[in-house]
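# Understanding the architecture of this molecule
So you can see what is in the structure, the chains are spelled out below.
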Amino acid sequence: MTFDWSIIWQSMGALWQGALVTIALTVLTMVLAVPLGIVVALLRESRLKPVSALATAYVELMRNVPIILVVYWAFYVLPILTGVGFSPFLTGLVALVLNNTAYNSETFRSGIRSIRKGQTEAGLALGMSEGEAFRKIVLPQAWRRVLPILATTWVTLFKDTSLVSVIAVGDLAHTALQIRSQSFRVIEMLTAMAAIYWLLGYPQAKIVDWIHRKYGVTE
Amino acid sequence: MTDTLAKLPQGSTLPDVVIEYRDVRKQYGEFVALAGVNLEVRRGQVVCLIGPSGSGKSTLLRCTNGLETMSSGEVYFDGMPLSKDPRKNRLIRQRMGMVFQNFELFPHKTALGNIMMGPMTVLGLSEEKARTRAEALLAKVGLSEKASNYPANLSGGQQQRVAIARALAMEPEVMLFDEPTSALDPETIGEVLNVMKRLADDGMTMVVVTHEMTFARRVADHVVVFANGQIVEQGRPEQIFDAPQTTRTRDFLSHLGWDG
């Protein structure tokens, strides 16, 4: 068996484009799924039973269904529900945000719950509203505590974005797999794909380690 | 003054009564935490609530600013009844400072930041004005040099002094203390009690739940003894400590090794 590694150099431009899409997907998903995660966490803690039940149902559904299914679901169902045709990128983004919001909400919920009730009471005793006490006292502390978990979620998400390749989002995985099937240079392209994911993922993992060390244990 | 007040009809809210508890009851399931408490706190008075653990004194204190909801009864602050809806008690809470057993300083803020938080968030003070006020209060509790320390880098006594300054930053008319020295190392209790004593000397109205009998004896104008969710005795400290009238009070004091 002979290898032709030149295919990688010839495809560099396309692979770079794919990598940019992967990074964009990761960043946009997190930018949306973090605030939405906080909202869902708060909805789950709502005093209104139907609201908390609905939020819980959403989280439990998303946590127990494979992401790839959500991706397909978004691809087929979203246009029917909205009557608008979404681009593959947007469809993939919706699926990833749906999934990540559920995970982030659990992360934030545990973070929020880990803050002593006395902290909120101290704010209330000063005359703050519950909302003010949450924003000024609970959230900043919870944020610090969940940062290491969010960082881990980030790295997982970075790799999981490859799942949107099944609906032809031009991300790194999809691009590499396309070149593979056109050029038949299977081993070369899979190796290149692994190398690029690793090169991009490793620094992120190292940053996560650093965040864990810095914020992991406080108090 | 006392004579004129005595002539006023029973049950009316007297002009110098700041806090009035009327038949306050609190039940947690089967457990009766407060079994009908009636009490008045007058302006400038230091009232110490004493009694065994679980006797209801902390619960009553927490009912004062609505952190705890009552099962029944009324609390009046300056003639206004506390709402059953805790969210509606914000204005009353702004006028009452509270100090907690576990300090509850905000760990993500410096000592100065902790004190500035209330005035900035609740009163809408500018950062500059809040800072000036906070610096003055830190000086008052003797911690000016710790302004930029985070709570984790302060001793228990220092944390509690910052917590007192934080409450004072709202310029409250009443200060509530919930066992302020119970979580402290013995050597730092004194510094906190001294700050409280000075506050009392300045004329602050204070309701203090405490196990520090020496403090209650020296500083209180009025001592209230709790047992099983009820007031079993109240009066001047000399009376309570030197000539207790009820067995409950005598039992409690002898348990603490207080021999008058």
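The rules behind each value
- Residues numbered from 1 in each chain as written.
- Chains lettered and ligands numbered in written order.
- Predicted model: local features only at pLDDT ≥ 70, side-chain atom pairs only at ≥ 80, totals over all residues.
- Heavy atoms only, no water.
- UniProt positions renumbered as here; feature names shortened; annotations may be inferred.
- Helix = DSSP H or I, 4+ residues; strand = E, 2+ residues; numbered from the N terminus.
- Rg over C-alpha atoms; globule rule 2.2 N^0.38 Å.
- Buried < 20%, exposed > 50% of the residue type's maximum accessible area, 1.4 Å probe, protein only.
- Contact = heavy atoms within 4.5 Å.
- Areas by Shrake-Rupley, 256 points an atom, 1.4 Å probe, with all protein chains shown as cover.
- Lys, Arg positive; Asp, Glu negative; His and termini not counted.
- Charge placed at Lys NZ, Arg CZ, Asp CG, Glu CD.
- Arc of directions from axis to C-beta.
- Buried area = accessible area lost by both parts, 1.4 Å probe.
- Salt bridge = Lys/Arg side-chain N within 4 Å of Asp/Glu carboxyl O.
- Polar contact = N/O pair within 3.5 Å; in protein donor to acceptor, adjacent residues only side chain to side chain.

Per an unreviewed UniProt entry, the recorded name for chain B is Polar amino acid transport system ATP-binding protein, and the organism is Mycoplana azooxidifex. The heading Sequence similarities (unreviewed entry) in the UniProt record of chain B holds the text "Belongs to the ABC transporter superfamily." What UniProt records for chain B under Subcellular location (unreviewed entry) is the sentence "Cell membrane".

An unreviewed UniProt entry annotates chain A as Glutamate/aspartate import permease protein GltK of Mycoplana azooxidifex. What the UniProt record of chain A gives under Function (unreviewed entry) is the line "Part of the ABC transporter complex GltIJKL involved in glutamate and aspartate uptake. Probably responsible for the translocation of the substrate across the membrane." What UniProt states about chain A under its Subunit (unreviewed entry) heading is, verbatim, "The complex is composed of two ATP-binding proteins (GltL), two transmembrane proteins (GltJ and GltK) and a solute-binding protein (GltI)."

What chain B contains, in helices and strands, is 10 helices and 10 strands. For 260 residues, the compact-globule formula gives about 18 Å, and the C-alpha radius of gyration of chain B, at 18 Å, lands near that figure. Along the three orthogonal principal directions, the C-alpha set of chain B runs to about 50 × 45 × 40 Å. Put simply, chain B has 260 residues, and 53% of those count as buried. Within chain B, residue pairs in contact and separated by at least 24 positions form 62% of the contacts whose partners lie at least 6 positions apart. With an accessible surface of roughly 11400 Å², chain B has 47% of that area assigned to carbon and sulfur atoms.

Moving on, we get to the overall build of chain A. When helices and strands are counted, chain A shows nine helices and zero strands. Of the regular secondary structure in chain A, the N- to C-terminal order runs α-α-α-α-α-α-α-α-α. Here chain A, with 219 residues, has 44% of them falling under the buried criterion. Long-range contacts, defined here as pairs at least 24 residues apart, represent 80% of the contacts in chain A between residues at least 6 apart. Here chain A contributes 18 positively and 12 negatively charged side chains, and the mean placements of these two sets differ by 5 Å.

Once that is clear, we can look at helix α10 (residues 247-255) of chain B. All names here are of chain B. Turning to α10, its buried residues number three or more, namely T249, F252 and L253. Viewed end-on, α10 has its buried residues packed into an arc of 95°, placing them on one side of the element. In α10, the exposed positions that point more than 90 degrees away from the buried face belong to T247 and H255. Close packing links the buried residues of α10 with β3 (46-50), α8 (213-219), β9 (222-227), β10 (230-235) and α9 (237-242). Count one or two residues on from α10 and you reach G257, which has phi positive near 80°.

Let us now look at the interface of chain A and chain B. Between chain A and chain B, the residue contacts involve 20 residues of the former and 23 residues of the latter. Across the chain A to chain B interface the summed buried area is about 1800 Å²; carbon plus sulfur atoms make up 61%. Looking at the side of chain A facing chain B, the largest losses of area belong to E121, A125 and L126 of chain A, adding up to 31% of the total buried there. Inspection of the chain A/chain B interface yields three salt bridges. Between E132 of chain A and R90 of chain B there is a salt bridge; the shortest N-O distance is 3.0 Å. At the surface where chain A touches chain B, the tally comes to seven residue pairs in polar contact (both at pLDDT 80 or more). Elements supplying a minimum of two residues to the side of chain A that touches chain B: α6 (117-125) and α7 (130-160) of chain A.

Now for the pattern of salt bridges. Inspection of every chain in the model, using the stated rule, returns 29 salt bridges over all chains. R43 of chain B is the salt-bridge partner of D78 of chain B, the closest N and O atoms lying 3.5 Å from each other. Residue D78 of chain B is found in the loop between β4 (72-77) and β5 (80-81), and its partner R43 of chain B is found in the loop between β2 (31-42) and β3; the two are separated by 35 residues along the sequence. Note on D78 of chain B: relative accessible area 31%, which makes it partly exposed. Among the salt bridges present, the one from R217 of chain B reaches D242 of chain B, with a minimum N-O distance of 2.6 Å. Pair noted here: R217 of chain B is in helix α8 and D242 of chain B is in helix α9, with a separation of 25 residues, a long-range link. D242 of chain B sits in the partly exposed class, given a relative accessible area of 43%. Members of the salt-bridge network, linked through shared partners, are R44, E45, E60, R63, E106, R109 and R113 of chain A.

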